[in-house]
Amino acid sequence: MITISKNKFKQCFESKMYSLYAQSIEEASNEQLLTVLSSVVKDIISKKWTGTRLGCEKEIYYFSIEFLMGRQLKSNLLNLDIENTIRDGLKEMGIKLDDLIESEGDPALGNGGLGRLAACFLDSMASLNISGHGYGLRYKYGLFEQKFVNGYQVEVPDNWLTQGSYIWETVRPNKATVVKFEGDIQLINQKGKLKVIHNNFIPVMAMPYDIPIIGYKNDYINTLRLFKCEILTRDFGPITANALNHSGSYEDALKYKYYTEEISQVLYPNDSNYAGRLLRLKQEYFLVSAGIQDIIRRYRKNKLKISNLPNNVAIHINDTHPTLCIPELMRILLDEEGLSWDEAWNITINTISYTNHTIMAEAMEKWPIDMMKKLLPRIYMIIEEINRRYVESLSRKYDDYDKIQRMSIINSNNIRMANLSIVGSHSVNGVAALHTEILKEEVLNDFYVDEPHKFNNKTNGIAHRRWLISCNEELSNFITELIGEDWKKDTTELKKLEKYKDDKKVLKTIEEIKYNNKVKFAKFVKKEYNIQIDPNSIYDVQIKRLHAYKRQLLNVLHILHLYHELLDNPNFSMEPRTFIFGAKAAPGYYLAKCIIKLITSVANKINNDERIDNKIKVIFVENYGVSLAEKIIPASEVSEQISTTTKEASGTGNMKFMMNGAITLATLDGANVEIHEQVGDDNIIIFGLKAQQVLNYNKYGGYSSLDLYNSNRDIKRVVDDLINGFIPNISNEGRAIYDSLITYNDEYFVLRDLENYIDAQYKINELYKKKEEWNTISLINIANSGIFSSDRTISDYARDIWFKGCEINGENNEL
């Protein structure tokens, strides 16, 4: 095991302070102390951080456009099992470890569930001794930093690299690669073999920055490799000449510099215009080309046969953003390795696997042919040939033109990335049982019928080390006191907690721990927002990306309903409730930004209305991210998982809340279905339309929001609030939301579910009055959350996808 004594640590820390800053510890700022500490930790792990183990076992490479990592210091110390040593050593030097933990910023490498899932998966792979590494982009500004100005979301650059570098990264200039854009393709027949020459291309350099991913108490360290796009600063032979051709004059040099640097500037550039879409495509190809080249370079270094690539390497694409892995791997196998088409295709299919994260048509990426052809001419040629062969094979099987057109990769002048992902992978998985069934039976039914063996489910999971052991230490320690340490490595052990469901002392302690976390969060809210919230109130929380289908609107309409009830009847019986929101809206998503303005305006009105005697408080935390979630989730009592049924692929926030003892208020959507299965009817509050009802409405119609509006007093009252001046300063935003509900017939069935949601919220209110019953449900949720650890999810991926048919620890894994 990696170890260090307290005295040795203190010596290293003091020495590192002088070598980095030439000053004493007493003179240093928290930021400098944090940099020194991270540098010492990196020194401690350096011998174990080998970066690759090719030749020893199969390597997993996980491509994702985002990795929402969160702060790393506490997680790394926990996984290395040296937190107490470091804490004591720092204390003797007059330094508080908690101050340094709080001074670390969140790396701006992700946005929502997709990126957080990727981070959890990396954690689990390292903790399970799986040699699995991530490939992503090193964004200079990430998504954006959210500010509220007069209740409006304002986006400012998230300058997370304030010191020019990230404290946990190590740059690897000797591993830089070149990615080529644009240019002309020349095909030459040389003695029966096709030679491909790429002329007049624009070369950019992919500079790798490595972040260690440390396994839990097992001395296993993997790597997250992030690529930054730079101008060529070293000699790549003839390629360098192309760079010089694009920077002949000073003006040309500036254009080339901008062309290069914008590629890794921001996460998810606004794709509402051509330039933004083009930049997204550049980003996606830059990531996959740099990553695939890096994989093949490592593979060649170990002198392994390219034909054995699928036995030694698994490439996993997290949603469709990295789909170009498929034609890029084909390009290398065809153009550089000299393989035949059939050989290259067989290797590609058996190496690559794909996770689908959505059933929503607008999230299924499509790229215009003209854009792809100009930016990536060789890649387009390969995609075109993949499609030609695929359509030809379908035509031999099916006499159904419409079916073939639906399955075609290229259609209506667009390249459909989900179709390419399915065709070019050996495995296609959904991320919750319901989501996978909808993919198989509805959205991707043609592909499922054609190749059913490819489709499988892998329900998402969360890294319990971060989301329970680290962020809720008091609860974690109490669990250990009750059932021992084994649950930390095997979360199925949490099930043992159920034997305490009738133990009043245990239930009371769980209540006290929750209250302590609520007090901590109340102090944070007071400090950051100067709002006083009552720790004795119900903390009702919805923290997730702002999208119409996630239905933050449903939540706020219910808040308005409660507000009216209190105004109409001051003796209205309700437990005090604190509603907590956290969400960012995409910069170009007008309706989502209108909903943010609505919530902040409702909050301002309610929080300052003395008539309701603080029965309701509404808090919208600014710039929601991982570190804020780590404060909110341990304090939460109601977990709002209220998406329109069939729209949420899985969700992982639901799992984090459950593991921390919150009670889930949910539609039967995504992984909520499986949470319901685990805890039973009595330990979750379910409401709303079922999946088949939503699918039927979407297929056959029959829903009229206007009829509901006209026939239901409570619904009409809160909808009218949007446009009648009851809520100040939302005239334009309120009208836009009103129109989405009434004029455009409420696409996400907010009003259809509102009455049922109000009833479900009433059940929450009544249940909270029975504290012992509430605490029992809380304990049962914790006890049954173990199945939602990402360790279980990654074990499933390894068994069924990545290592299927391979030897693992001496055992054949063929199912």
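Figured I'd write up the structure that's included with this text. (Residues numbered from 1 in each chain as written. Predicted model: local features only at pLDDT ≥ 70, side-chain atom pairs only at ≥ 80, totals over all residues. Heavy atoms only, no water.)

1. Observations concerning empty space enclosed by the protein
Under the defined criterion, the tally for this structure stands at seven cavities of 30 Å³ or more. By volume, the largest cavity amounts to about 150 Å³. Looking at the lining of the largest cavity, the elements that each hand over two or more residues are α3 (73-80), α6 (113-127), β9 (202-214) and α19 (464-470). Of the residues in the lining of the largest cavity, the class split is five nonpolar, four polar and four charged. (1 Å grid on protein atoms, 1.4 Å probe; cavity = no way out; pocket = protein on both sides within 12 Å on 5 of 7 lines; lining within 4 Å. Points joined across faces, edges and corners; volume = space filled by probe spheres on them. Helix = DSSP H or I, 4+ residues; strand = E, 2+ residues; numbered from the N terminus. Nonpolar A, V, L, I, M, F, W, Y, C, P; charged D, E, K, R; others polar.)

2. What to know about unusual backbone geometry
For D319, which is not glycine, the phi torsion reads 75° and is therefore positive. For D319, the position within the fold is in the loop between β11 (313-318) and α11 (325-336).

3. Remarks on the side chain of E365
One can find E365 in the loop between β12 (352-355) and β13 (366-368). Buried charge without a partner: E365 forms no salt bridge, and the closest opposite charge is R280, 5.2 Å away. Here T320 takes part through its side chain, which lies 3.2 Å from a polar atom of the side chain of E365. The contacts of E365, once residues within four sequence positions are left out, are E284, T320, H321, I415, R416, M417 and A418. (Buried < 20%, exposed > 50% of the residue type's maximum accessible area, 1.4 Å probe, protein only. Lys, Arg positive; Asp, Glu negative; His and termini not counted. Salt bridge = Lys/Arg side-chain N within 4 Å of Asp/Glu carboxyl O. Polar contact = N/O pair within 3.5 Å; in protein donor to acceptor, adjacent residues only side chain to side chain. Contact = heavy atoms within 4.5 Å.)

4. Details of the packing of helix α23 (residues 590-607) against helix α30 (residues 731-743)
α30 packs onto α23 with a crossing angle of 120° between their chain directions and a minimal axis gap of 9 Å. If you check the angle between α23 and α30, you find them oblique. In terms of crossing hand, the pair formed by α23 and α30 is left-handed. Residue-level contacts link Y590, L591, C594, I595, K597 and L598 of α23 to N732, E733, A736, I737 and S740 of α30. Among the residues forming the contact of α23 with α30, the class breakdown is seven nonpolar, two polar and two charged. (Axes fitted to C-alpha atoms, helices over the stretch in contact; angles between N-to-C directions. Parallel < 35°, antiparallel > 145°, perpendicular 65-115°, else oblique. Left-handed = near helix turned anticlockwise from the far one by under 90°.)

5. Here's the deal with the nonpolar core
In terms of nonpolar packing, the biggest core is built from 150 residues, with F13 and W802 touching the most fellow members. In terms of residue count, the dominant contributor to this core is helix α9 (residues 274-301) (ten residues). In this structure F13 touches I25, L33, V36, L37, V40, L90, M93 and I95, once residues within four positions along its chain are discounted. One finds I596, V638, L689 and I715 within the second-largest nonpolar core, a separate group that totals 62 residues. (Core = buried A, V, L, I, M, F, W, Y, C linked by side-chain atoms within 4.5 Å.)

6. As for the sheet that holds strand β21 (residues 638-641)
Taken together, six strands build an open sheet; the order of strands is β20-β19-β18-β21-β22-β23 and the sheet is parallel. This sheet does not close on itself; its edge strands, each paired only once, are β20 (616-621) and β23 (685-686). Strand direction decides the pairing type here: strand β22 (residues 663-666) and β23, joined by two bridges, are parallel. Of the residues in β23, the one forming a bridge with A666 is I686. (Pairing = 2+ DSSP bridges.)

7. Focus: the environment of P327
Considering the arrangement of structural elements, one finds P327 in helix α11. Using a relative accessible area of 0% as the deciding quantity, one classes P327 as buried. For the pair P327 and L309, spaced 18 residues apart in the sequence, the C-alpha separation amounts to 16 Å. Among all residues touching P327, those that are not within four sequence positions of it are I379, I382, I383 and L420.

8. Quick look at helix α12 (residues 341-351)
Within α12 the residues assigned to the buried category are W341, A344, W345, I347, T348, I349 and T351. Those residues of α12 that are buried lie in contact with α10 (309-312), β11, α11, β12, α14 (377-397) and α16 (417-423).

9. What about the packing of helix α2 (residues 30-45) against α3?
Two numbers describe how α2 lies on α3: the axes approach to 11 Å, and their chain directions differ by 35°. Of the two possible hands of crossing, α2 and α3 adopt the one that is left-handed. Here L34, L37, V41 and I45 of α2 come into contact with α3, specifically with L73, L77 and L80. The residue inventory of the contact of α2 with α3, partitioned by class, reads seven nonpolar, no polar and no charged.

10. Things to note about the pattern of salt bridges
Inspection of the entire model under this criterion finds 66 salt bridges. The shortest N-O distance in the salt bridge between D568 and R713 comes to 3.9 Å. Of this pair, D568 sits in helix α22 (residues 552-568) while R713 sits in helix α29 (residues 713-720), placing them 145 residues apart in sequence. Residue D568 is classed as exposed on the basis of its relative accessible area of 52%. The class of R713 is exposed, set by a relative accessible area of 54%. A salt bridge links R735 to D739; the nearest nitrogen and oxygen atoms lie 3.8 Å apart. Taken together, the positions of R735 and D739, both in helix α30 and four residues apart, correspond to about one turn of that helix. Residue R735 is classed as partly exposed on the basis of its relative accessible area of 39%.

11. Things to note about a nonpolar patch on the surface
A surface patch of nonpolar side chains, amounting to about 220 Å² of accessible area, comprises V149, Y152 and V154. With respect to the helices, strands and loops of the structure, V154 is situated in strand β4 (residues 152-156). (Patch = residues over 30% accessible without salt bridge, like charges linked within 9 Å, V, L, I, M, F, W, Y side chains within 5 Å. Areas by Shrake-Rupley, 256 points an atom, 1.4 Å probe, with all protein chains shown as cover.)

12. Topic: the packing of aromatic side chains
Using the criterion set out here, one finds 23 aromatic pairs in the structure. Ring geometry for Y697 versus Y703: centroids 5.7 Å apart, planes at 55°, classification tilted. By the ring-pair criterion, three or more aromatic residues cluster together here, those being Y61, F63, Y135 and F227. (Phe/Tyr/Trp six-rings, centres within 6.5 Å; stacked < 30°, edge-to-face > 60°.)

13. Points about the sheet that holds strand β15 (residues 414-416)
Strand pairing within a sheet occurs via backbone hydrogen bonds; the two strands may be parallel or antiparallel. Strands sit in the order β13-β15-β14 across an open sheet of three strands; the sheet is antiparallel. Pairing within the sheet leaves two strands with one partner each, and these edge strands are β13 and β14 (410-411). Sheet analysis places β13 next to β15, joined by three bridges and oriented antiparallel. The residue bridging P368 from the neighbouring strand is N414, located in β15.

14. Describing helix α1 (residues 6-21)
Across its 16 residues, α1 extends 22 Å between first and last C-alpha, which sits within 8% of the 22 Å expected from 1.5 Å per residue. Three or more residues of α1 are buried, namely F9, F13, K16 and M17. What you see down the axis of α1 is that its buried residues fit within an arc of 105°, all on one side. Counted as exposed and oriented over 90 degrees from the buried face of α1: Q11 and S19. Where α1 is buried, its residues meet α2 and α4 (83-92). Just past α1, the residue A22 takes up positive phi, approximately 50°. (Expected span 1.5 Å × (residues − 1). Arc of directions from axis to C-beta.)

15. What about the environment of N270?
With respect to the element layout, N270 can be found in the loop between α8 (250-261) and α9. Taking relative accessible area as the criterion, N270 reaches 35% and is therefore assigned partly exposed. Those residues in contact with N270 that sit more than four places away from it in its chain are G276, R277 and G588.

16. Side note on the pairing of strand β18 (residues 538-543)
Within β18, six of the six residues are buried, which leaves the element mostly enclosed by the surrounding structure. Every second residue of β18 is oriented toward a common face, with I538, D540 and Q542 on one face and Y539, V541 and I543 on the other, all of them buried. Of the pairings in the sheet, the one linking β18 to strand β19 (residues 577-582) comprises six bridges and is parallel in character. Across the sheet, I543 pairs through a bridge with G582, a residue of β19. Crossover β18 to β19 through α22 is right-handed. (Right-handed = clockwise from strand over helix to strand, strands pointing away.)

Nothing here speaks to function; it is all geometry.
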